Amino acid sequence: MATDLIPTTSTATHGFGSYLRKVAAIIGKDVATELRTKEMISAMFVFSLLIIFIFNFAFDLRAENMQTLAPGVLWVAIAFAGMLGLSRSFVLERDRGVLDGLLLAPVDRSAIYLGKMIGNVLFISLVEIIILPFFIILFNQPLGTLPFLAGVVFLGSLAFASVGTLFSAMAVHTRARDVLLPIMLFPVIIPAMLAAVRLTAAILDNIPFDEVSQWLALLVAFDVIFIAASFMLFEFVVEE
Amino acid sequence: MATKAMLSQQEKSTAASTSAFSWGAILTVISGIFMLAALYMALVWAPDALNLTAPAERYAQRIFYFHVSSAWLGFLAFIVAAVVSILYLVTRKDIWDMWALASIEIGLAFFTMVIISGSLWAKPTWNVWWTWDPRLTISTICWLLYIGYIMLRGAIDNPDRRARFGAVYALLASFSVPLNWMAIRWWRTIHPAVVAPGNNADESMGSFGMSANIQTTLIFCVVAFTIFYITLMYHRIKLEQLQRRVDSLKQRLLYR
């Protein structure tokens, strides 16, 4: 593993291919760390399952039809579980001095951002792929919606991780740390969450795609804008 | 009338007590005069809205002038904060960080006013204090974004890092606002579209025709609020400069 992390030959330090290799190395590092402990993925999974359960109880008395609440419940579960994962994303890096090591390495700062961001998307998506069947069973939704839901969930997770990774890198340098991340992140990602909830509702209610295509456009636009902006701004966050 | 005279008297005396020709004093006096004139126009001079009949609705409609002006000021403050944040990240001059902080603090105060005055207006018109109307929602989201900025700054000790993180956050928050705006436009709205011409004002509940005098008053209020914003910015930036000077003097004394 260690040999993957350090560019061994000087010829491999230029060009797009080497940039991608560096990004892949950072993703590989995160995946390897996670595979050894599995603490983040298991915590996120159990947490989102708990949220779905708690909402089931909380709304049971008043709601006429639990199915109308399903999209909202799914996205609250994703948002909270994702927050749990993101808040851990840079804590280990900082506490064990990995971030300093990464910054000292001959790697472009944006590659660090991309690597961490893709890693976070992987973890959040993985948890959601496990949680989606449970969600469909508990809320009695048609099983055929699974692939479409997975697509929307992926785009939503991308929106979440794009700003989330940047803010997470900021939050570890503050006194309040984990407390501050949701306060910064939630207001910013509201448009993506609105779009994701609308799309999820449309999939579950079998609404024709034409009526919600604008929401898909909004979600994709959010992803593109915020990945690009975070990609450029990450340099300012980690410099020192 | 007596209070107005007293207020302007007070402004003149504060102006006299500081140096003879300071910009701050001039700005304060000008914005004081404009705000009093705006108050007079909004409460007395402007005619009642044409198609509102209930007295409560008629009086409440006068909130509109300061409500819209505050909202305008809030968004202006947000745009200024985003622009100076870019300037800070490019030039790294402390002054732009002060601009951003001052603008966001002022914007926060005025968004609080928008939400409160909107709520007071909603009760007689829509019969509820709060609806999940998109425009109400986005004002509150902007307010929350500002609060996030203030809390982020409060949690960082290193002044250089505080300025950098603040600028990054302000910039990303400003990207979020137009997307929020788009998302809420696609939702159904009951908020009166004041920009629409007066003759198709019956689209949504509580909207009203805008006669020429109403428009004049609104434009005057917006101008008055903008001058008020410039005045507040001037004083807040000055205050922040003094604050930082005190901090650096303290540091020098402590570590001498």
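Residues numbered from 1 in each chain as written. Chains lettered and ligands numbered in written order. Predicted model: local features only at pLDDT ≥ 70, side-chain atom pairs only at ≥ 80, totals over all residues. Heavy atoms only, no water.

Draft legend 1. The arrangement of the side chain of Thr145(A) in detail. Residues and elements named next belong to chain A. Positionally, Thr145 belongs in the loop between α7 (109-138) and α8 (146-171). For Thr145, a relative accessible area of 8% gives the class buried. A distance of 2.7 Å separates a polar atom in the side chain of Thr145 from the backbone oxygen of Pro142. In this view, Thr145 contacts Ile136, Ile203 and Leu204; residues no more than four positions away in its chain are not counted. (Helix = DSSP H or I, 4+ residues; strand = E, 2+ residues; numbered from the N terminus. Buried < 20%, exposed > 50% of the residue type's maximum accessible area, 1.4 Å probe, protein only. Polar contact = N/O pair within 3.5 Å; in protein donor to acceptor, adjacent residues only side chain to side chain. Contact = heavy atoms within 4.5 Å.)

Draft legend 2. Here's a closer look at empty space enclosed by the protein. Residues and elements named next belong to chain A. Under the definition given, this model contains two cavities of 30 Å³ or more. Size it by volume and the second largest cavity reaches roughly 40 Å³. Ser87, Val91, Ser168, Ala171, Val172, Arg177, Asp178 and Leu181 are the residues that line the second largest cavity. Residues belonging to the lining of the second largest cavity are distributed by class as follows: four nonpolar, two polar and two charged. (1 Å grid on protein atoms, 1.4 Å probe; cavity = no way out; pocket = protein on both sides within 12 Å on 5 of 7 lines; lining within 4 Å. Points joined across faces, edges and corners; volume = space filled by probe spheres on them. Nonpolar A, V, L, I, M, F, W, Y, C, P; charged D, E, K, R; others polar.)

Draft legend 3. Main features of the interface of chain B and chain A. Listed per partner, the contact involves 28 residues of chain B and 30 residues of chain A. Both sides of the chain B and chain A interface together cover about 2800 Å² of buried area, and 74% of this is carbon and sulfur. Counting every contact that joins chain B to chain A gives one salt bridge. On the surface where chain B and chain A come into contact, there are six residue pairs in polar contact (both at pLDDT 80 or more). The greatest single-element share of the side of chain B that touches chain A, amounting to 14 residues, is contributed by helix α7 (residues 159-185) of chain B. Split into classes, the residues belonging to the side of chain B that touches chain A amount to 20 nonpolar, four polar and four charged. (Buried area = accessible area lost by both parts, 1.4 Å probe. Salt bridge = Lys/Arg side-chain N within 4 Å of Asp/Glu carboxyl O.)

Draft legend 4. Focus on the layout of surface pockets. All names here are of chain A. Volume-wise, the second largest pocket comes out at about 480 Å³. Lining the second largest pocket are 20 residues, and of these Asp30, Thr33, Glu34, Ser89 and Leu92 sit closest to its centre. Within the lining of the second largest pocket, the residues separate by chemical class into seven nonpolar, five polar and eight charged.

Draft legend 5. Molecular detail of helix α9 (residues 180-204) of chain A. All names here are of chain A. Compared with the 36 Å implied by 1.5 Å per residue over 25 residues, the 34 Å span of α9 between its first and last C-alpha is a close match. Along its length, α9 shows its largest kink, about 55 degrees, at Ile190, and proline Pro191 lies within four residues downstream of that point. The first or second residue beyond α9 is Asn206, which carries a positive phi of 60 degrees. (Expected span 1.5 Å × (residues − 1). Bend = angle between axes of the 7 residues up to and from the residue.)

Draft legend 6. Broad picture of the environment of Ala82(B). Residues and elements named next belong to chain B. Mapping Ala82 onto the fold places it in helix α4 (residues 63-91). Each C-alpha atom of the pair Ala82 and Phe175 lies 9.0 Å from the other, and the pair is 93 residues apart in sequence. Look past the residues within four positions of Ala82 in its chain and what remains in contact with it is Leu171 and Ser174.

Without other data, these values stay purely geometric and don't point to any function.
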